[in-house]
Each structure stands twice: as C-alpha cells, then as structure tokens.
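The primary structure of each chain is shown beneath.
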2 protein chains.
Amino acid sequence: MTFHQVEHPLLVIPGPIEVSDDVLFANASPSQSHMSKSFTETFGNTIRMFRQVLVTERGQPIITAGSGTLGWDMIASNLTEPGDDVLVLNSGYFGQSFSDCLEAYGAKVTHLKAPIGQFPSREQLAEALKLKKYKMVTVTHVDTSTGVLSNPQMVSEVVRQVSPDTLVIVDGVCSVGSEEIRMDEWSLDVVMCASQKGLGVPPGLCLVCVSERAIHLVETRKTKISAYFASWLNWLPVMRGYEQGKPVYFATPPIQLICALYTSLKAITSRPIEERWSKHKEASLDFKQFVTNELGLKQVPNDPSVAANSMTAIYFPDGVSAPDVIPKLFEHGIIVAGGLHKEIKDKYFRIGHMGITAIDTTRHELEKVKDTLRNIFTAIGHAAKTTD
Amino acid sequence: MTFHQVEHPLLVIPGPIEVSDDVLFANASPSQSHMSKSFTETFGNTIRMFRQVLVTERGQPIITAGSGTLGWDMIASNLTEPGDDVLVLNSGYFGQSFSDCLEAYGAKVTHLKAPIGQFPSREQLAEALKLKKYKMVTVTHVDTSTGVLSNPQMVSEVVRQVSPDTLVIVDGVCSVGSEEIRMDEWSLDVVMCASQKGLGVPPGLCLVCVSERAIHLVETRKTKISAYFASWLNWLPVMRGYEQGKPVYFATPPIQLICALYTSLKAITSRPIEERWSKHKEASLDFKQFVTNELGLKQVPNDPSVAANSMTAIYFPDGVSAPDVIPKLFEHGIIVAGGLHKEIKDKYFRIGHMGITAIDTTRHELEKVKDTLRNIFTAIGHAAKTTD
C-alpha cells in the first residue's frame, strides 16, 4: 500500500511542521514489543543517526516520550543542585520559561536579557561571567517567540575562555535539524530539542544529547536527583542498552514515534547535514527578502545576523493587525502563528519554514505562502513594493 | 482511502497491545496546529471521554506526552512534600518502582508487601493505617509483573474508615479500560495509566485523573512543587482550557497520539463501559480455564480472586523454561512476554488479553494463542489434559 496523508491546510507555524507521508506512515506502524529485536535495532539506529545530526561522536543521546519542556526538567534536575547559579541568556518567551523550570528545581537564575529582537553580545556575556561563578549558561538557539537566532558557538567560546568549567546548554527546540550545530567542535554540553520542528516528526518526543563532561557531573553530584522520569541515571542504561542491541526496560518507549523519527532521520542523514542547513538558509533568505522587498515589512530580529533560518517573525504594518491577515490566510488553506512574546503579542505574526516545506522546493509551499501574503496585503491597501 | 496496518506478528504481551486500524490511521493524521479549533475540539472531547472510562464526573483528567512512569512522578511531586509518609501496597515489580519514584521526591515509604501471587488483606491494611498517619496509600491495580489484581474499592473503604484524609492512589497502568474502576463511587483520589494497554492506543501518553480533594491539596501545599513538566499547576489551566474550547499553551501536546486516543475512546464509549469490563472478564476466564484445564499449568496469582482480567501470568511446568516455549510461539507469529519479577523471573511467562484482542472475538486471536500453546506443550511432552 502506498500511504498518502489526508488533504489538509498547509501548516507553516514554527512547529509542529508538515511531515512527509513516509514519516506519518511509520507513525502508523503496527504494535510491536519494546523488547523485540526489530524495535531494538530501530531505536539503536535512531540514537546513532541523532548523533550525526548534531555532528557529535561523544555526545550521549537520550530520547524519550515528552516535549521540549521536559528537556528543561532533565537539564535542571540532573545538572543543577539546589542553590546553583545559572545564567540564562534570554532572548524571548522561551528563555523566561526555561528559567521558571530551573527555579522549580532550586537553581538561582540570573538573566542576561537582550532587548526584543536582539541577543546579548560577546562583551556582555564575558562581563556577566566574570561577576559570578555559574554552574551553567543556557542559550535558546532560536527563540520561537521572536525568531531571534543566537550564537551558541560564540557563547561557548566565551565560556571556555572566562569560566571553562561552566556547562553550555543549548535549547535547540527550534533549531536542531534546521540550523548549524556542531556539538563536539563547539564544545556544547547539552543540546535539547523536540520532534515536531526541524526533525520533521509529529510532536511527542523529547530529545537531548549530553556531553561526557555533563554525564560525569551527573554521576558525581553530591545531592540525589529529585526526579525519576527525568533522571538521566534511569535513562543512560536504557539508551546504552538499545544502542548495543540489548533492550533495557525503564518506561515503555513511544514505539511508533521512534519509528517515525527513525524514518525522518534516515532521510535527513542520507545527505550531508551541511546541505540541509544550507537549504534552510536559502529558503529563509528568499522568504525574508520577500518580506522586506515585496511586502515592505519589518521583522522582529533587528538585524539579519540574528534572524533564524527556521522561521520568520514579521511585524504588521501600522493599522493592520492579526484579524486582517491570519483568517484570510486560513481561507486560502494556510495556517500561520500569531504573536507569542507578551510585550509585542498583537504586533506581529510568525511563519515557520522547516523540514520538507523548506528543503523540498517541488512542493511549492513557500511560493504559495508568498503569493497569498502578497494578495492579502495588496487587497488591504498595503500595496506591495516592486523589487525593481 | 481505507487504511490497513501492515501484516505483523500477533502481539499478546501485557502492553503494548494490538490496536485497531482506525486508531493507527488517526496516529497518522496530518500535521495540525495545537492551537487550532479542530484540535481543541478533539482534545476537549478526549478529556470528557476519559472521564467516562473512569466513571467519574468530578475527576480532572490530565493527559500529556509521557508514559505510566511519568504518572508516578506527577503523583510524587504534586501530592507529597519531603518527609511525607506513604504506604505502598506492594504486589510486584511496579509497586517497588513506584516506591523508588516517591523516594526520589523525598517521601518516606513504608511497604505493605504480600507474598508473590497475593495482595495484602483488609485486616493487614487497617492495621498498617493505625500505626502511622499516611499522606497517601498507593495501590497497583494490576501488577504487570505478576498479574495480581488488587482491590482498590476495598483499599479505599478501609482508608476512609481508618484514616479518612489519606489519599488513595491507583496505578491503573494495566487496568484502565479493562478492569472495573469507579473513581467517584470508590472515592479514589488519583487514577493514572498509560495509552498502550487497556485504552488500545500506541505508547507515548501519560494519563492521570485527579479528585477535587487532591487538586485542593496541590493548590494549598506548603512547599513549592519541585518539578516543572510534571507540575499539575502548569497543566490544570491547559486541560481546563482545551475542555472549554480555549487552547492554552504550556508544552506542545502529542497531537497525533491524542487523535489516536480520541479514536479509541470514541469506540470504547460507544458502548456501556460495564460491557467492556465483562468482555475482558469473559476472555480472561476462558483463557485461564484453558491454562488450568487443558495445559494443567499453575498461575502466579494464587487464587482466581486476585487474578487480573487483563493478562495471565503462567508458571512453566517442571523441566520446561522460556526457551522451550517463547521462540516456538514466535515461529507461529505470536509474541508473548517472559517473566519480570526478579524473584521468579525465569519460572513464568505472561500473556496480555486487552482491547480488541479480548473483546473482538471475530479476530480469533486468543483462539490462535490457545491452539499454538496446546501444540507446543503437547510436542514438548507435556501432554494436554482433556477437559472431560
């Protein structure tokens, strides 16, 4: 049987994203035992391929049912002990929520907050690191609320220079699979994400990858981990077991979602990962040029160097608001997202361009979005600029 | 398109279980926004139908990505404060693991442990409750490691009599959807389960249902909840929002799995829930009679009154072990589970009979299992008894 997914409106929010028929068909795999040879092989290969996506040889993937939010719990509960200082590089809604999670586990959070649309500079970070000894620095690679792209490589360079033992934690929820990440080369300690964005899988998985240094820290911490499902000490034997072909039980894995992830990672790793990053960059650049040149609209990130390649956050022009645009896109079968950052919530909207929507240009999905936006803005009197 | 799942061996372990084509097809639903009208309606109805399965009007369902194990974290982190005493009625592996989880959050656990194959008596429970004031009593409804069926109604009666404020927590991972549970009538405070057993959905969901008393306790606790993803304070507004048709964001829900659960619950609630319990009971009784009368084998539960209706745990006869039976079943396209309880691990095997395998007799799945077992035991020299 050739499986084709049901016809549906085009989903171009910054996650969940459109997924391929192959991936959805894998999500409809028949029941199988979590201890079976076939599932063990699938899970083992999934773990190995996830390493390739992060360009790491030494990182330990941990893949469980959950979401990106659970990834924060894992980081907070395993890597901080009550009273530990954490520096959160805050570029939007998700930096704030990560911080709430860290505080739930007793960490003391200091924010290094950039104005909306910006990211803290190398100098600001170096200065902050000199003032206090931090257990970890967290960076939201792409803050889905603002579309601001941070620079984990720069963050890690500064940390290794000023405070070499401090862990570098990357929230890659809206970047893994779409933005350049080199876990080993950049000396990152944790990269975490979820399944429903750049990895092109339905939501329901939490994925983290942990450095040797971070694992050593978990294994030698003074206080007990005050969590059970989130404790990496419970998951490490499971992940190592599946990778070695010997299933270990802790909690029943989300079998069909792992099969879906396996299918997506097979497609992703069939080509060099650099090519995937470039394709996302090209699609993003093209879309952003359209927004600037044809719609004449401003983006939330205040400079192209801090604008994500996975999504675009666009300010409405004066006198226009969400109800003028979003329902009209919906009438044309296109679903985008409204604002999320509370300070500017009603002033902008967000479009995701990740996975097959970005890289498979034969689907013409972003063309359709551009054409429809052009028509809508022309019709409501914001005449499109011509590019010549 | 009519969807048919791929041909595969018959899975009769005590979860994951066989799921219907409709449910798997729903698990392959196309991407949709978690904030959309259509998904909000699906999620809201799913929450309402889950209440029906537990025969509760006042219980508050919380449905998230995860597994049964995460349900333990939710109970431990929300309902206990460090130092609180908890009484664990321990009838196997899962009572022990639940206890490990409670201790991770600082609870002090007392075990009321029955010998393998048994469940603590009314008198033992009453006595234990008189010795110490417990914050909660936990009971594993069906311990998947032993197939022992406990009696949450009796537990609750004794608790309400001897220590009325103590919470009654039911781990219903291997019972919800297959065993009788009446949350309101029995005065249960939490019933928790996962998706891959009696509810007939792929694994990947954690489902809990919380009484008004338990919610009041969470909202008035003295210490902060030391968890974020597991904190019900974060999920309550989300669940209430979706049920009222107004989506609220905390973490991206596992959309496709919720669609699958919706589809399964629609089928389950299309008939009186009592009928579903009876059908599981009939299937179980028939299978257990076959084990006793035709195979002449002993079960792990030492009396029919403490034997689950969702599964059967069977001791091998003397001189026979797992490698004599399990691979032969596999050759005939049948997958069963080995032992799990460490004290008797190699001495028994387990067969699940939940969901469509138990209630849709036109599938003839349990007939196939019985025929194959009969042939295998005859061939290895354990001649089947005749029933006359």
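If you're wondering where the values come from, they're calculated on a predicted model, not measured in any experiment. Within every chain, residues take consecutive numbers counted from 1 along the sequence as written. The order in which chains are written sets their letters, starting at A; the order in which ligands are written sets their numbers, starting at 1. Whole-chain, interface and lining totals are the exception, using all residues; otherwise, since this is a predicted model, local features are given only for residues with pLDDT of at least 70 and side-chain atom pairs are given and counted only at 80 or more. Excluding hydrogens and water, the side-chain figures rest on all heavy atoms present in the structure.

1. Concerning the pattern of salt bridges
A side chain with one charge can pair with a side chain of the opposite charge if their charged atoms come near. Residues and elements named next belong to chain A. Condition: Definition used for salt bridges: Asp or Glu carboxyl oxygen within 4 Å of a side-chain nitrogen of Lys or Arg. Going along the chain from the N terminus, every DSSP run of H or I of four or more residues is numbered as a helix, and every run of E of two or more is numbered as a strand. A simple rule labels every residue: compare its accessible area, found with a 1.4 Å probe on the protein chains alone, to the largest value its type can have, and call it buried under 20%, exposed over 50%, or partly exposed in between.
Applying the stated criterion to the full structure yields 36 salt bridges over all chains. Arg 182 serves as the salt-bridge partner of Glu 274, at 3.7 Å between the closest nitrogen and oxygen. With Glu 274 in helix 10 (residues 273-294) and Arg 182 in the loop between strand 8 (167-171) and strand 9 (190-194), this pair connects stretches of sequence that are 92 residues apart. Between Asp 189 and Arg 213 there is a salt bridge, with its nearest N and O atoms 2.9 Å apart. Of the two residues, Asp 189 is situated in the loop between strand 8 and strand 9 and Arg 213 in helix 7 (residues 212-219); the sequence distance between them amounts to 24 residues. Asp 189 gets classed as buried once you look at its relative accessible area, which sits at 0%.

2. Section: the domain arrangement of chain A
Residues and elements named next belong to chain A. The line we're drawing: An automatic or database domain assignment supplies the start and end points of every domain. Here, residues are in contact when the closest pair of their heavy atoms is within 4.5 Å. When two components associate, each loses some accessible surface as probed by a 1.4 Å sphere; the sum of these losses over both components is called the buried area. What qualifies as a polar contact is a pair of N or O atoms within 3.5 Å, subject to a donor-acceptor requirement within protein and to the restriction that residues adjacent in sequence count only when both atoms come from side chains. Classification used: nonpolar for Ala, Val, Leu, Ile, Met, Phe, Trp, Tyr, Cys and Pro, charged for Asp, Glu, Lys and Arg, polar for all others including Gly.
The domains assigned to chain A are domain 1 (21-268) and domain 2 (273-379). The straight-line distance from the C-alpha centre of domain 1 to that of domain 2 is 27 Å. Contacts between the two partners involve 29 residues from domain 1, matched on the other side by 24 residues from domain 2. Summing both partners gives a buried area of about 2,200 Å² for domain 1 against domain 2, and 61% of it is carried by carbon and sulfur. Considering only the surface of domain 1 that becomes buried against domain 2, Ile 116, Leu 149 and Ser 178 emerge as the three largest contributors, covering 23% of it. If you look at where domain 1 meets domain 2, you find one salt bridge. Connecting domain 1 to domain 2 are eleven residue pairs in polar contact (both at pLDDT 80 or more). Of all the secondary structure elements, the ones that give two or more residues to the side of domain 1 that touches domain 2 are helix 2 (37-53), helix 4 (93-104), strand 6 (142-143) and strand 7 (148-149). Looking at the side of domain 1 that touches domain 2, its residues break down into twelve nonpolar, eleven polar and six charged.

3. Quick notes on the packing of aromatic side chains
Let me state the cut-off plainly: Pairing of aromatic rings covers Phe, Tyr and Trp, the last counted by its six-membered ring, and requires centre-to-centre distances within 6.5 Å; plane angles under 30 degrees mean stacked, over 60 mean edge-to-face, and any other angle means tilted.
This structure, assessed with the given rule, holds 33 aromatic pairs over all chains. Judged by centre distance (6.3 Å) and plane angle (75°), the ring pair of A:Tyr249 and B:Phe94 falls under edge-to-face. With A:Tyr249 in the loop between helix 8 (232-243) and helix 9 (255-269) and B:Phe94 in helix 4 (residues 93-104), this residue pair bridges two chains. Note on B:Phe94: relative accessible area 10%, which makes it buried. Considering the side-chain rings of B:Phe39 and B:Phe43, the 5.6 Å spacing of their centres and the 40° angle between planes classify their relative orientation as tilted. One end of the pair, B:Phe39, and the other, B:Phe43, are both in helix 2 (residues 37-53), four residues apart, so they sit about a helical turn from each other. Residue B:Phe39 is classed as buried on the basis of its relative accessible area of 0%. Ring-pair connections join several aromatic residues into one group, and the members of that group are A:Trp72, A:Tyr93, A:Phe94, A:Phe98, B:Tyr228, B:Phe229, B:Trp235, B:Tyr249 and B:Phe250.

4. Description of the nonpolar core
Put simply, the test is: Buried Ala, Val, Leu, Ile, Met, Phe, Trp, Tyr and Cys residues form a nonpolar core when they are joined through side-chain atoms within 4.5 Å.
Residues A:Leu79, A:Trp232 and B:Trp232 are the most contacted members of the largest nonpolar core, which totals 195 residues. For B:Trp232, the contacting residues outside a window of four places in its chain are B:Ile62, B:Met74, B:Ile75, B:Asn78, B:Leu79, B:Val190, B:Val208, B:Val210, B:Val218 and B:Pro237. Within the second largest apolar cluster, 23 residues are counted, among which are B:Val12, B:Phe287, B:Leu329 and B:Val369.

5. Let's talk about the sheet that holds strand 5 (residues 136-140) of chain A
Residues and elements named next belong to chain A. The line we're drawing: Between any two strands, pairing holds if DSSP finds at least two bridges. Only the stretch in contact is used when fitting a helix axis, every axis being a line fitted to C-alpha atoms; angles between N-to-C directions are given from 0 to 180 degrees.
Strand order across the open sheet formed by seven strands is 2-10-9-8-5-3-4, with mixed pairing between neighbours. Of all the strands in the sheet, just strand 2 (60-65) and strand 4 (108-113) have a single pairing partner and so form its edges. For this sheet the average axis-to-axis angle between neighbouring strands, irrespective of direction, equals 20°. Inspection of the sheet shows strand 5 paired to strand 8 by five bridges, in the parallel sense. If you follow Thr 140 over to strand 8, its bridge partner there is Asp 171. Lying on the sheet, helix 6 (residues 152-162) is in contact with strand 3 (85-90), strand 5 and strand 8; it crosses strand 8 at an angle near 170°.

6. Section: the environment of A:His4
All names here are of chain A. Structurally, His 4 is set in the segment before strand 1 (10-11). Counting along the chain gives 16 residues from His 4 to Ser 20, while the straight-line C-alpha distance between them is 9.0 Å. A polar side-chain atom of His 4 sits 3.3 Å from a polar atom in the side chain of Asp 21.

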